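# Residue-level structural notes
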Amino acid sequence: MTGLRYVYAVCRPFGTPLQAQLTGVAGDPPRLLNHHGLVAVVSHVPERDFAEEPLHRHLEDLEWLSTTVRAHQSVIDALTVVTTPLPLRLGTVFRDDSGVRVMIEEREEGFRRTLDRLQGRVEWGVKVYAEQAAPAREEPTEMPAKAVSGRDYLRQRRERVRSHEDMWQQADAFATRLHETLSAYAEDARLHAPQNPTLSGASGQNILNAAYLVPRGESEEFVEMVDRTKDDVPGMRVELTGPWAAYSFAGEEQQP
């Protein structure tokens, strides 16, 4: 089959076959390309969509990008079940198998070092949302009818502002405490920028967006630890995702 080579991940050889019906980007099933004791997981993609210029244009197309991200992630998820993959960036494309082999040779030392560090480990994501800590609405400039005096109005306004500040302090303290607890248990942790609620569609204000590197065999205990915190503070929502391939801990190979 002709076409460019799309590379999902690099890993060590593994004996368990991937799902028989698994398809990747552009609908092509992934295959394994062995070289120098490492495995690149690749599939064929059409040049009309994945050569440099059309790929750059497609990345501005949210519908196309969403479809490609899902296909890419489905292959990474399947790999995570059977081995420890080192995911490459979305849209990593080479002209042919020879180009993939050259890439492996050029980055072989880094690949091996990172795979050694990630072996048998998965990534868990934890987000904390303050469901009641939305920015305060603008107060009306007119004195409300229920306020008997200007002094009462100013007092009420100060109380509302103070209540809002207290809520943020409580949310920040909860997120900080949770992150310290989970970081002490995990082998490594990463703090990411809070998600924009307009883009994520999640309710509430995201005040913690973190990733934790956990040995696969200790994941159940990690999940239970997160579950125990969910009702600690009213108005806080804790969201756990995973287990994922260790995107956040893959160094320069991580997906943006």
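Residues numbered from 1 in each chain as written. Predicted model: local features only at pLDDT ≥ 70, side-chain atom pairs only at ≥ 80, totals over all residues. Heavy atoms only, no water.

## Quick word on the overall build of the protein chain
- For the protein chain, the helix and strand inventory stands at seven helices and nine strands.
- Residues classed as buried in the protein chain amount to 41% of the 256 residues present.
- A fraction of 76% describes how many contacts in the protein chain between residues 6 or more apart in sequence connect residues 24 or more apart.
- When the accessible area of the protein chain is evaluated, it comes to approximately 14500 Å², of which 50% is carbon and sulfur surface. (Helix = DSSP H or I, 4+ residues; strand = E, 2+ residues; numbered from the N terminus. Buried < 20%, exposed > 50% of the residue type's maximum accessible area, 1.4 Å probe, protein only. Contact = heavy atoms within 4.5 Å. Areas by Shrake-Rupley, 256 points an atom, 1.4 Å probe, with all protein chains shown as cover.)

## So, the sheet that holds strand E6 (residues 121-130)
- The sheet built from four strands is open, its strands ordered E7-E8-E6-E9 with antiparallel pairing. Each of the sheet's edge strands pairs with one partner strand only, and the pair in question is strand E7 (188-191) and strand E9 (236-244). Taken over all neighbouring pairs, the strand axes of this sheet differ in orientation by 20 degrees on average, direction set aside.
- Sheet topology places E6 next to strand E8 (residues 205-215); ten bridges connect them, and they run antiparallel. When the sheet's bridge partners are listed, Gly125 is paired in E8 with Ala211. (Pairing = 2+ DSSP bridges. Axes fitted to C-alpha atoms, helices over the stretch in contact; angles between N-to-C directions.)

## A short note on the confidence of the model for the protein chain
- Confidence in the prediction for the protein chain averages 85 pLDDT; 81% of positions are at 70 or higher.
- In this model, residues 133-143 is a region of pLDDT below 50 whose contacts with residues beyond four sequence positions or in other chains number 16 contacts.
- The model gives residues 252-256 a pLDDT under 50, and that stretch makes 20 contacts with residues more than four places away or in other chains. (pLDDT = per-residue confidence, 0-100.)

## Section: the pairing of strand E3 (residues 38-45)
- Along E3, eight of the eight residues are buried, which leaves the element largely enclosed by surrounding structure.
- Every second residue of E3 is oriented toward a common face, with Leu38, Ala40, Val42 and His44 on one face and Val39, Val41, Ser43 and Val45 on the other, all of them buried.
- Here strand E1 (residues 4-11) pairs with E3 via seven bridges, running antiparallel. The partner of Tyr6 across the bridge, within E3, is Ser43.
- One ladder, built from five bridges, connects strand E2 (residues 31-35) with E3; its direction is antiparallel. What sits directly across from Arg31, in E3, is Val42.

## Considerations on the pairing of E1
- Counting buried positions along E1 yields eight of eight residues, so the element is predominantly enclosed.
- Here two bridges tie E1 to strand E5 (residues 93-94), and the two strands are oriented antiparallel to one another. Considered in E5, the bridge of Tyr6 is made with Val93.
- As judged from the two bridges shared by E1 and strand E4 (residues 86-87), these two strands associate in the antiparallel manner. Along E4, the bridge assignment pairs Ala9 with Pro87.

## Some words on the environment of Leu32
- Tracing the backbone through its elements, the reader meets Leu32 in strand E2.
- On the basis of relative accessible area, Leu32 is assigned to the partly exposed category, the value being 36%.
- Residues Leu32 and Val42 lie ten residues apart in sequence; the distance between their C-alpha atoms is 6.3 Å.
- Ignoring any residue separated from it by four or fewer positions in sequence, one finds Leu32 in contact with Phe14, Leu18, Val39, Ala40 and Val41.

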